[in-house]
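As a plain string of letters, each chain reads:
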Amino acid sequence: MAERSFKKEVQDLRAGEGEIFRGEGILAITKALLQSGVSYVGGYQGSPISHLMDVLSDANDLLDELDVHFESSASEAAAAAMLSASVMYPLRGAVTWKSTAGTNVASDALTNLSSGGVTGGTLIILGEDYGEGSSIPQERSHAFAMKSQMWLLDPRPNLESLVKCVEQGFELSEASNTPVMMQVRIRACHVHGEFVAKDNRAPHFKLRDALQSPRRDINRVVLPPASLAQDVEKLELRYPAAIRHIRENRLNEFFGPENGDVGIVVQGGLYNSLMRALLYLGLADAYGETSIPIYVMNVTYPMVDHEVVGFCRDKRAVIMIEEGHPNYIEQSLTSVLHRHELTTRVHGKDLLPMGGDYTASVVEKGLRRFLEKYAGDRLGNRPPAPDPVPILTSAPVRKLAEAVPPRPAGFCTGCPERPIFAAMKLTEKDVGQHHVSGDIGCHIFANLPPFNVSGNTMGYGLSGAGASAFNVKSDKRTISVMGDGGFWHNGLTSSIGNAVFNEHDGVIIIVDNHYAAATGGQDILSSRADNPRRSTQHSIATAVKGIGVKWVRQIDRTYDVAKMQETLTEALTTSEPGPKVIIASSECMLNKQRRVKPQFRAAVKAGKRMVKERFGVDEDVCTGDHACIRLSGCPSLSVKQSDDPLKDDPVATIDNSCVGCGNCGEVSEAAVLCPSFYRADVIHNPTRWDRLAARWRNAVIGAIQSRADNRRVAFPD
């Protein structure tokens, strides 16, 4: 991180034996890695696991003390490839990324890793971003675990369980020579709690030991005939070893009474939601005591047949609470019971939604239906249900809902990407609409109002490749948009290199905001800030020229809408063949404000003269046209009712969240809209000259206003 410090969190990681560690789930996982003797950690940031990466980025001294190597990987594939260090050597390694988007990127390396197997313990921490709040396609990690025969952990969302799962994950990996995945949902990453810490420990076998004594085992390399033998090893050795380890170490858990007519099988990550649902039904108390037998699968793959059969043998029916689709675990459960000739009925997606978040209320509804069918007498002692939220159905509310669309996600106040798309909309007026291929990142918000410009999004750094099918002769060119993070992640080869190789006559805009902004502002190769542990300040323009692009334009201030429009028009109309690359650079405003606000406050406090630019709208000049808003969309630019009784329409206004980027004024000028925007300089600790100049301006303005007032009195008509 270039602009935010995690010194406090780093100090928390130093907690020793017997101390109480308090904090978020993802930080507890980070601490657990250090307690487990991990040798190396890598990954690619993304919700909800970015905090792990960010904290370790600032923990250089601690990691050096422990001989732990940490690396912010170029991509999830690069992170997964790091785990090859554990193939030949007894090194514990961990990597992390946002799933399933990251797992898709890492799949080639993971497939080879799982085939050859590992000697040291390897743990892949997946930020399972599934459900209503997700920013990626609705897919699960479970399918990949089954496909590649990698074990999948889904721990109960409390700090003790999360820490224990990390430790057990390494042990399971070593016991079965297999990589282990550990999925943690958003709620698990951000849950708060405490656990009793252990001392951090250095790895017993260090990376430098491996370098001093290289090993080679051809049987671990994925080449025939070894690859065929590896598949046999998976089924005949690793799988049974994993089952044995899970059973002997009781990685899965049982709660409630030992016997009962009905039971619940649940993924570990959904345990909290389940207990809340049982509380609603009067079948559990606030301390987790329940009258219904529960089998908690902290290991969701592989399924332990012996445990499942033992749990279900005496029950008329069980319900499988499995979030997401398809119902992989439910199908396996049904198959196991059928194979063992049990008559226990299995319910799941027939009573619960096929997809979406399994919140406590969702789980409660499904459980209610299940229990009404098999144990209706158990539902008598229920606390009163909360009053439903009233639904406003008055005519004015309905009319408002019809007229005002839901507020879409959008760019931050002052975002330097907004003027890029304002320029694109203005360019459309001159040269018409073009097919726009989008990418992953903040710029994906251009799909939404007020810009509505992007056509498709196929993956991180793939916008150029997403337009490659349109590489045909035409009087219009495609426009591809990607961020600097996507460019370095995958775009340099898959989009830019591909366009050069295939002589694609399209336009590619690279939004360079100096950071991997969408994931929290982490440094990347082209970041402008000095980073003592990473190599930064590498030019994107140099990189694209080096790969063969001849038409390159660099714009160092995206807020210059007129220049953006002019450059884009040139790219769309030039006769020069081949890809045209526009690098639109301005610092991410969110990260800039994190950096400059403390500096500004400190300077003002020290008595230095400081000037802050503020923008406003002269409501006497504003006509209420609101075209400025349609081409900006900035949250700080809104409307208010005019004080002028002769104006019926509300006028534009700029609120106090404005950061002074000037985009609204630039848009107005570029679009030749109106002169109602003005800039005012707010001076802190003014000098004697500032005060004198202010008095002079006030005197001149006062004289002009007095003259105008006198003329109105003299000539009232």
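This report concerns the structure included in the present document. (Residues numbered from 1 in each chain as written. Predicted model: local features only at pLDDT ≥ 70, side-chain atom pairs only at ≥ 80, totals over all residues. Heavy atoms only, no water.)

**A closer look at the overall build of the protein chain**
Line of reasoning, step 1. Each helix and strand in the protein chain was counted, giving 26 helices and 24 strands.
Line of reasoning, step 2. When its C-alpha atoms are laid out on the principal axes, the protein chain stretches across 105 × 65 × 60 Å.
Line of reasoning, step 3. Considering only contacts in the protein chain between residues 6 or more positions apart, those separated by 24 or more positions represent 78%.
Line of reasoning, step 4. Each charge sign in the protein chain was given a centre, from 78 positive and 84 negative side chains, and these centres are 3 Å apart. (Helix = DSSP H or I, 4+ residues; strand = E, 2+ residues; numbered from the N terminus. Contact = heavy atoms within 4.5 Å. Lys, Arg positive; Asp, Glu negative; His and termini not counted. Charge placed at Lys NZ, Arg CZ, Asp CG, Glu CD.)

**Considerations on the nonpolar core**
One broad rule of soluble globular proteins: the nonpolar side chains tend to lie buried together.
Line of reasoning, step 1. Counting residues in each nonpolar core, the largest one holds 92 residues, and the members touching the most others are Leu33 and Leu333.
Line of reasoning, step 2. Excluding residues within four positions of it along the chain, Leu333 makes contact with Val265, Met303, Val308, Cys312, Val318, Met320 and Val346. (Core = buried A, V, L, I, M, F, W, Y, C linked by side-chain atoms within 4.5 Å. Buried < 20%, exposed > 50% of the residue type's maximum accessible area, 1.4 Å probe, protein only.)

**Structural notes on the sheet that holds strand β2 (residues 40-43)**
Line of reasoning, step 1. Strands sit in the order β3-β2-β4-β5-β7-β6-β12 across an open sheet of seven strands; the sheet is mixed. The open sheet has two free edges, formed respectively by β3 (69-72) and β12 (299-301), since each of these has just one partner strand. Pairs of neighbouring strands in the sheet enclose a mean axial angle of 20°, with direction left out of account.
Line of reasoning, step 2. Inspection of the sheet shows β2 paired to strand β4 (residues 93-99) by four bridges, in the parallel sense. Directly across from Gly43, in β4, lies its bridge partner Thr96.
Line of reasoning, step 3. Against the sheet, helix α3 (residues 50-57) makes contact with β2, β3, β4 and β5 (122-128), and its axis sits at roughly 120° relative to β3, the strand it touches most. (Pairing = 2+ DSSP bridges. Axes fitted to C-alpha atoms, helices over the stretch in contact; angles between N-to-C directions.)

**Description of unusual backbone geometry**
Note: most residues except glycine have negative phi, and most peptide bonds are trans.
Line of reasoning, step 1. The omega torsion of the bond from Ser47 to Pro48 falls at 5°, within 30 degrees of zero and hence cis.
Line of reasoning, step 2. With respect to the helices, strands and loops of the structure, Pro48 is situated in the loop between β2 and α3.
Line of reasoning, step 3. Of the consecutive residues His325 and Pro326, the connecting peptide bond is found in the cis state with omega at -10°.
Line of reasoning, step 4. Residue position: Pro326 is located in the loop between β13 (317-321) and α15 (328-339).
Line of reasoning, step 5. Its identity is not glycine, yet Asn685 carries a phi of approximately 55°, on the positive side.
Line of reasoning, step 6. Looking at Asn685, the relative accessible area reads 30%, which means it is partly exposed.

**Details of the packing of aromatic side chains**
Aromatic ring pairs are reported here in terms of the distance separating the ring centres and the angle at which the planes meet.
Line of reasoning, step 1. Per the stated rule, a full pass over the model turns up 15 aromatic pairs.
Line of reasoning, step 2. Consider the rings of Phe411 and Phe421, whose centres lie 5.9 Å apart with planes at 20°: the pair is stacked. Taken together, the residues span a long stretch of sequence, with Phe411 in the loop between α17 (395-403) and α18 (418-431) and Phe421 in helix α18 at a distance of 10 residues.
Line of reasoning, step 3. Using a relative accessible area of 6% as the deciding quantity, one classes Phe411 as buried. (Phe/Tyr/Trp six-rings, centres within 6.5 Å; stacked < 30°, edge-to-face > 60°.)

**Focus: the pattern of salt bridges**
Line of reasoning, step 1. In this structure the tally under the stated criterion is 26 salt bridges.
Line of reasoning, step 2. Salt-bridge contacts for Arg339 lead to Asp305; the nearest nitrogen and oxygen are separated by 3.2 Å. With Arg339 in helix α15 and Asp305 in helix α14 (residues 305-312), this residue pair connects regions lying 34 residues apart in the sequence.
Line of reasoning, step 3. Relative accessible area serves as the criterion here: at 26%, Asp305 is assigned to the partly exposed category.
Line of reasoning, step 4. Here Arg609 makes a salt bridge to Asp690, at a shortest N to O gap of 2.5 Å. Linking Arg609 in the loop between α23 (589-605) and β21 (610-617) with Asp690 in helix α26 (residues 688-714), this pair joins segments that are 81 residues apart in sequence.
Line of reasoning, step 5. Judged by relative accessible area, Arg609 falls into the partly exposed class, the value being 42%. (Salt bridge = Lys/Arg side-chain N within 4 Å of Asp/Glu carboxyl O.)

**Some remarks on the sheet that holds strand β19 (residues 551-555)**
Line of reasoning, step 1. Across the sheet, which stays open at both edges, the six strands sit in the order β16-β15-β17-β18-β20-β19 with parallel pairing between neighbours. Each edge of the open sheet carries a strand with a single partner, namely β16 (456-457) and β19.
Line of reasoning, step 2. Strand direction decides the pairing type here: strand β15 (residues 436-438) and β16, joined by two bridges, are parallel. When the sheet's bridge partners are listed, Ser437 is paired in β16 with Asn456.
Line of reasoning, step 3. On top of the sheet, helix α22 (residues 561-573) reaches β17 (479-483), β18 (507-512), β19 and β20 (580-585); it is set at about 175° to β19, its chief contact.

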